[in-house]
Amino acid sequence: MATNGIENKAKGMEGDPDLQFLLQGGDLLKVVSPSWKKTRYFKLQDDCKTIWRESKRPFKKKQTFSIDDVSAVRLGRQSEGLKKCTEEQLEGRCFSIVFKGHRKNLDLIASSDEEANHWHRGLQKIISSRNNLNSQQKTEHWILSCLRKADKNKDDKLTLPELERFLKLINIDVDDEYAEMLFKKCDKSNSGYLDGAEIEHFYDLLTHREEIDVIYREYAKTTGFMSTENLVEFLMKEQREKATLTDAQQIIKKFEVDENAKKKNVLSKDGFLMYLHHPDHQLLNNDHKGVYQDMSQPLNHYFISSSHNTYLMEDQLKGPSSTEAYIKALQKGCRCVELDCWDGSDNEPEIYHGYTMTSRILFKDVIAAIKEYAFKTSDYPVILSLENHCSVEQQVVMAKHMSSILGSALVASPLGEGMPENFPSPKELKGKFIIKGKRLNKLESVFAPDADAGDETDVTEEEESDDEAEEQQKQKKKLKLAKELSDMTIYCKSVHFHGFEDARKNLSFYEMSSFKESKAMELAEESANGYVRHNVEKLSRIYPKGSRTDSSNYNPVPLWNAGCQIVALNFQTNCSEMDINQGQFMVNGKSGYILKPAFMRDVATEFDPITLTRGQWLQHKLLHVMVISAQQLPKVNKKKSSIVDPQVKVQVYGVPADVAERETNPIFNNGFNPSWNENFQFDVYVPELALVRFLIEDYDSTSDNEFVAQYTIPFNSLKMGYRHIPLLNKHGGLLPSAGLFVHIMALDA
């Protein structure tokens, strides 16, 4: 079976010494616990995308893992496992392989610093190389990988049974007659097997896109190619883009693969497909990928990507706590993380979920991890939401750790001169940490020496509650608060909520309340305009109810509709609510801050998401969606005989009047190149708050459909026309080869 060397070496790494080292492989010490450290042989396979590892466990089938499943490789004793189970002198020999999703880290020790560096550099280079592949290269890699698996006897030839096996691997179920017809069509030599050019011909037949042919033929009107004039017509009529002949020439120069066509200044069908596949021309408006919003508004004028019980990797009762959970949340653009702080041994505060069996991690380790990873995805401020249960002595330790580790990045006094009258902006707070917690006195007292300096050391303990009776009881609990910790709370002082009128009259701008989801939902439904107005002046944080012990999530959209900024979700849970959260914060440079619409930043606003009275928020649009086709959908069930029956659901989230869902018919036994050509129409009344979700499921007539892939995008970030949609897996990671092809049009109603 000829692969033409496409997968034999990682792109651009031929002869690289780190790659050669990995291909040769070597022994590494696998670390699981202080008493479990065992030597295992690891080796990069020839496809340069799979690591093989020796296992001593009998009958263990899966002895490989894909580089595509790795999110990071960290040199040194950075993981909790390596910190606990190894000595400091091994620092240079240690490294961790961090996987996407919930899979545990692989903690390893090399025999020397040099070997650890080879593994670290080599794996990083391969990850980078694979991330830089374009969509066509990813498709080729995936298909050729499946071809290699199908070639059972490894003779580089494809027999009819191997071809049938291959089709099942790529998610197509075909009857024997069709498979035989396809085989004979490609077997020009009548040899009974395919090789070389015959496999290339088979590949071309397999990846042919009839729907692209139809679009291309409609605009390639003159010479069988698209001229610059034809391309401008396509861009303006279908894609609704302002385009000139110069723009068309640039597209041909960038995407045309045929040199003769490029010289003639025309676009071939292959060049046209390359253009449609490029990330800059997919569904998401390219102008919205970077920071495009005004970041100089007060902090409370933004929706802020926020996490609940950030330290947990799994459920709320017995799951592990880990610094890794903070790292993953921060890398996803989360800007508000939660720390539940309790007294620990040796005068070192710990973080865990109180009164449960969740494991414990050191407060100082969490602060160090946050410091290192806070600004790798976004430069904008991180809020540390403290739920403080510590003694005064250990609160002093907490304050010392934050001061020494975070240094000048910690906002420990108001910005500027004098008492502030409003929040600073995300722009002013770039690279800064803000503490959300209790404070002994008003911030104003810092600027009024004669005022009550706050000798009181008791404050009401803040603790997330599960019901109203418990809340009343907890309001009476008092906590001794250390002045050192109190003084670090500047812009986010936690206070109890006693109604919108009380907040407006008695609370300063920096005094904020946390709301349990049920209370917040009640306010968002029954006092929506009051909540919106409250959130023009104050910050609100929402958290999941305590009965969600499985770390499930609530729908954040109704709370965003009410202007709530810090809508905290369990980031560790794969669910539609996290998909929506990821879609909301995918734009604006993944900064974790989304500017609220102007009508949610006006203290006199009449906006009510429930009643939708007339106002600037009403911008009625008709959204037309044509679901055309999908490409290379992943299998839900890894069994070779299992084939996906894909069905597409198009969902709109937003104000209640905009919430809608439409679905295609299922396509049976084809996850490789299913085609629907089905049209849907949606009324969208408040586009500035709307999100559109494309969900693909494996249809089942007798039980619930299974998740295959999804993509969620803010309505105002949609591009018009024919667009490919990248697809995300249940962890929110990109599926390298998969895609959905649609036609989008949004018109004024």
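Now for a look at the structure at hand. All figures in this text were calculated on a predicted structure; none of them were measured in a lab.

### Here we look at empty space enclosed by the protein
Picture a little ball the size of a water molecule; that probe, rolled over the atoms, points out where space is still empty.
Consideration 1: Scanning all chains against the criterion turns up four cavities of 30 Å³ or more.
Consideration 2: Reported here for the largest cavity is a volume of approximately 90 Å³.
Consideration 3: Mapped onto the lining of the largest cavity, the elements with two or more residues apiece are β12 (382-388), β13 (433-437) and α17 (483-486).
Consideration 4: Considering every element that reaches the lining of the largest cavity, the biggest residue donor is β12, with three residues.

### What to know about the packing of helix α1 (residues 17-24) against helix α3 (residues 113-131)
Consideration 1: At a minimum axis distance of 8 Å, the contact between α1 and α3 shows a crossing angle of 105°. Taken together, α1 and α3 sit at an angle that is classed as roughly perpendicular. Taking contact as the criterion, the partners of Asp18, Leu19, Phe21 and Leu22 in α1 are, on α3, Glu115, His118, Trp119, Arg121, Gly122, Leu123, Lys125 and Ile126.
Consideration 2: Taken together, the residues of the contact of α1 with α3 break down into six nonpolar, two polar and four charged.

### Description of the side chain of His120
Consideration 1: Here His120 shows up in helix α3.
Consideration 2: A polar contact is formed between the side chain of His120 and the backbone oxygen of Val73, at a distance of 3.2 Å.
Consideration 3: The contacts of His120, once residues within four sequence positions are left out, are Val73, Arg74 and Leu75.

### Some thoughts on the pattern of salt bridges
Consideration 1: Summed over the entire model, instances satisfying the criterion amount to 27 salt bridges.
Consideration 2: A salt bridge links Asp18 to Lys125, with the shortest nitrogen-to-oxygen separation between them at 2.7 Å. With Asp18 in helix α1 and Lys125 in helix α3, this residue pair connects regions lying 107 residues apart in the sequence.
Consideration 3: Taking relative accessible area as the criterion, Lys125 reaches 30% and is therefore assigned partly exposed.

### Remarks on the environment of Thr244
Consideration 1: Mapped onto the fold, Thr244 is located in the loop between α9 (228-237) and α10 (245-255).
Consideration 2: In the structure, Thr244 is positioned eleven residues away from Glu233 in sequence and 9.5 Å away in space, judged by C-alpha atoms.

### Focus: the sheet that holds strand β2 (residues 36-44)
Consideration 1: If you walk across this open sheet you meet the seven strands as β4-β3-β2-β1-β7-β6-β5, and the pairing is antiparallel. The sheet terminates laterally at β4 (64-66) and β5 (70-75), the two strands that pair on one side only. Neighbour-to-neighbour, the strand axes of this sheet turn through a mean angle of 30°, independent of strand direction.
Consideration 2: Relative to β2, strand β1 (residues 26-33) is paired through seven bridges, and the arrangement is antiparallel.

### Quick word on a negative patch on the surface
Consideration 1: A contiguous patch of negative charge, built from Glu200, Asp204, Asp258 and Asp270, is present on the exposed surface.
Consideration 2: Residue placement: Glu200 occurs in helix α7 (residues 197-207).
Consideration 3: Note on Glu200: relative accessible area 40%, which makes it partly exposed.

Rules behind the numbers
Residues numbered from 1 in each chain as written. Predicted model: local features only at pLDDT ≥ 70, side-chain atom pairs only at ≥ 80, totals over all residues. Heavy atoms only, no water. 1 Å grid on protein atoms, 1.4 Å probe; cavity = no way out; pocket = protein on both sides within 12 Å on 5 of 7 lines; lining within 4 Å. Points joined across faces, edges and corners; volume = space filled by probe spheres on them. Helix = DSSP H or I, 4+ residues; strand = E, 2+ residues; numbered from the N terminus. Axes fitted to C-alpha atoms, helices over the stretch in contact; angles between N-to-C directions. Parallel < 35°, antiparallel > 145°, perpendicular 65-115°, else oblique. Contact = heavy atoms within 4.5 Å. Nonpolar A, V, L, I, M, F, W, Y, C, P; charged D, E, K, R; others polar. Polar contact = N/O pair within 3.5 Å; in protein donor to acceptor, adjacent residues only side chain to side chain. Salt bridge = Lys/Arg side-chain N within 4 Å of Asp/Glu carboxyl O. Buried < 20%, exposed > 50% of the residue type's maximum accessible area, 1.4 Å probe, protein only. Pairing = 2+ DSSP bridges. Patch = residues over 30% accessible without salt bridge, like charges linked within 9 Å, V, L, I, M, F, W, Y side chains within 5 Å. Areas by Shrake-Rupley, 256 points an atom, 1.4 Å probe, with all protein chains shown as cover. Lys, Arg positive; Asp, Glu negative; His and termini not counted. Charge placed at Lys NZ, Arg CZ, Asp CG, Glu CD.

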